[in-house]
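Examining the three-dimensional arrangement
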Amino acid sequence: MLSKKMQKQLNEQIKIEAESSQVYLAMASWAEIQPGIDNVTAFFYQHSEEERQHMLKLIHFVNERGGFATVPALPQPQLTFPSIKHAFAALLKHEEFVSESINKCIEVSLEEKDYATNNFLQWYVAEQIEEEALARTMNDKLELIGDDKSGMYLFDKDILTISIDIEQ
Ligand code: FEO
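Below is a short write-up of the structure. (Residues numbered from 1 in each chain as written. Predicted model: local features only at pLDDT ≥ 70, side-chain atom pairs only at ≥ 80, totals over all residues. Heavy atoms only, no water.)

**Points about the environment of H94**
Stated formally: Helix and strand definitions here come from DSSP, where helices need a minimum of 4 consecutive H or I residues and strands a minimum of 2 consecutive E residues; each element is numbered from the N-terminal end. Each residue's exposure class comes from its accessible area (1.4 Å probe, protein chains only) as a fraction of the maximum for that residue type: buried when under 20%, exposed when over 50%, partly exposed otherwise. Contacts are assigned to residue pairs with any non-hydrogen atoms lying within 4.5 Å of each other. Each polar contact in these results corresponds to two N or O atoms within 3.5 Å; when the atoms are within protein, one needs to be able to donate a hydrogen and the other to accept it, and residues that are neighboring in sequence are counted only if both atoms are side-chain atoms.
Here H94 shows up in helix α3 (residues 84-111). Judged by its relative accessible area of 13%, H94 is buried. A C-alpha to C-alpha distance of 7.7 Å links H94 and S20, two positions 74 residues apart in sequence. Not counting chain neighbours up to four residues away, the residues in contact with H94 comprise S20, V23 and Y24. Only 2.9 Å separates the side chain of H94 from the side chain of S20, close enough to count as a polar contact.

Following this line, the structure appears as structure tokens:
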């Protein structure tokens, strides 16, 4: 059985994962109307879907442990970006924020001596390490490319392979 405090923290995390999915969905929709970045677009759609899966995994966990997972209201995310570089900088910042919120969940699980939840949350800790690493790699590459159009062509060509390599 989840304590009230643990349930509250996990419901907060459900909201954050749902928001993440919306944030990346907005990036995907914006990218889709930019010319020549079909794979960047696919990357954002895929990332949005993954965040939805993170949210669902939490919802099932809370409900299976005798709690009640609450589906949150969500604010509208940022809809447009000055450049691809700005979108990826926002993605990294957002992932750092998600990692902090996972850390808060871990802290509460330890305070509450809820070792089952702590064990469950380790998957999210590992996932955040991967996602931050991926976001940093993308930002580093975009920094190198600068305004070079052929570099951007290659970035779009390689993005799906880069994300698969890091996630393996
Ligand atoms: Fe589920 Fe990228 O945080």
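**Concerning the side chain of S109**
Relative to the helices and strands, S109 resides in helix α3. The contact partners of S109, leaving out residues within four places of it in the chain, are M6, D114, T117, N118 and L121.

**Examining helix α2 (residues 38-64)**
Test applied: Helix span is expected to be 1.5 Å times the residue number reduced by one.
Taking 1.5 Å as the rise per residue, α2 with 27 residues should run 39 Å; its terminal C-alpha atoms sit 39 Å apart, in good agreement. Backbone geometry just downstream of α2 places G66 in the positive-phi region, at approximately 85 degrees.

**Some points on the side chain of H54**
Looking at where H54 falls in the secondary structure, it is placed in helix α2. Overall, H54 belongs to the buried group, its relative accessible area being 4%. Ignoring any residue separated from it by four or fewer positions in sequence, one finds H54 in contact with E17, W123, Y124, E127 and E131.

**Things to note about the packing of aromatic side chains**
Heads up, the rule is: Only Phe, Tyr and Trp rings take part, Trp by its six-membered ring, and two of them pair if their centres are within 6.5 Å. Stacked means planes under 30 degrees apart, edge-to-face means over 60, and tilted covers everything else. Definition used: whenever NZ (Lys) or CZ (Arg) falls within 6 Å of the ring centre and also within 35 degrees of the ring normal, the charge is taken to sit over that ring.
On inspection of all chains with the given rule, the structure shows eight aromatic pairs. Judged by centre distance (5.4 Å) and plane angle (70 degrees), the ring pair of W30 and F81 falls under edge-to-face. Linking W30 in helix α1 (residues 4-32) with F81 in the loop between α2 and α3, this pair joins segments that are 51 residues apart in sequence. Given a relative accessible area of 9%, W30 falls into the buried group. Judged by relative accessible area, which is 8%, F81 ranks as buried. Residues F61 and F120 carry aromatic rings whose centres are separated by 3.8 Å and whose planes lie at 5 degrees to one another, so their mutual orientation is stacked. Here the residue F61 occupies a position in helix α2, and F120 occupies one in helix α4 (residues 115-145), the gap between them amounting to 59 residues. The exposure class assigned to F120 is buried, which follows from its relative accessible area of 15%. Three or more aromatic residues joined by ring pairs make a cluster, and in this case those are F43, F44, F88 and F155. Directly above the aromatic system of W123 lies the positively charged group of K57, at a separation of 4.3 Å from the ring centroid.

**Concerning α3**
Taking 1.5 Å of rise per residue, 28 residues should cover 40 Å, and α3 covers 41 Å from first to last C-alpha, within 8% of that figure. For α3, the N-terminal capping position is held by S83, with its side-chain oxygen 3.3 Å away from the main-chain nitrogen of K85. Just beyond α3, the residue with positive phi is K113, at close to 50 degrees.

**Quick look at the nonpolar core**
Stated precisely, the cut-off is as follows: Think of a nonpolar core as a cluster: buried Ala, Val, Leu, Ile, Met, Phe, Trp, Tyr and Cys residues, connected wherever their side-chain atoms sit within 4.5 Å.
Membership of the largest hydrophobic core comes to 24 residues, with the highest contact counts inside it found for V40, F43, F44, F88, M138 and F155. Elements that contribute at least two residues to this core include exactly α1, α2, α3, α4 and α5 (149-167). The next biggest cluster of nonpolar side chains, apart from the first, holds 20 residues, and it includes I14, V62, I102 and Y124.

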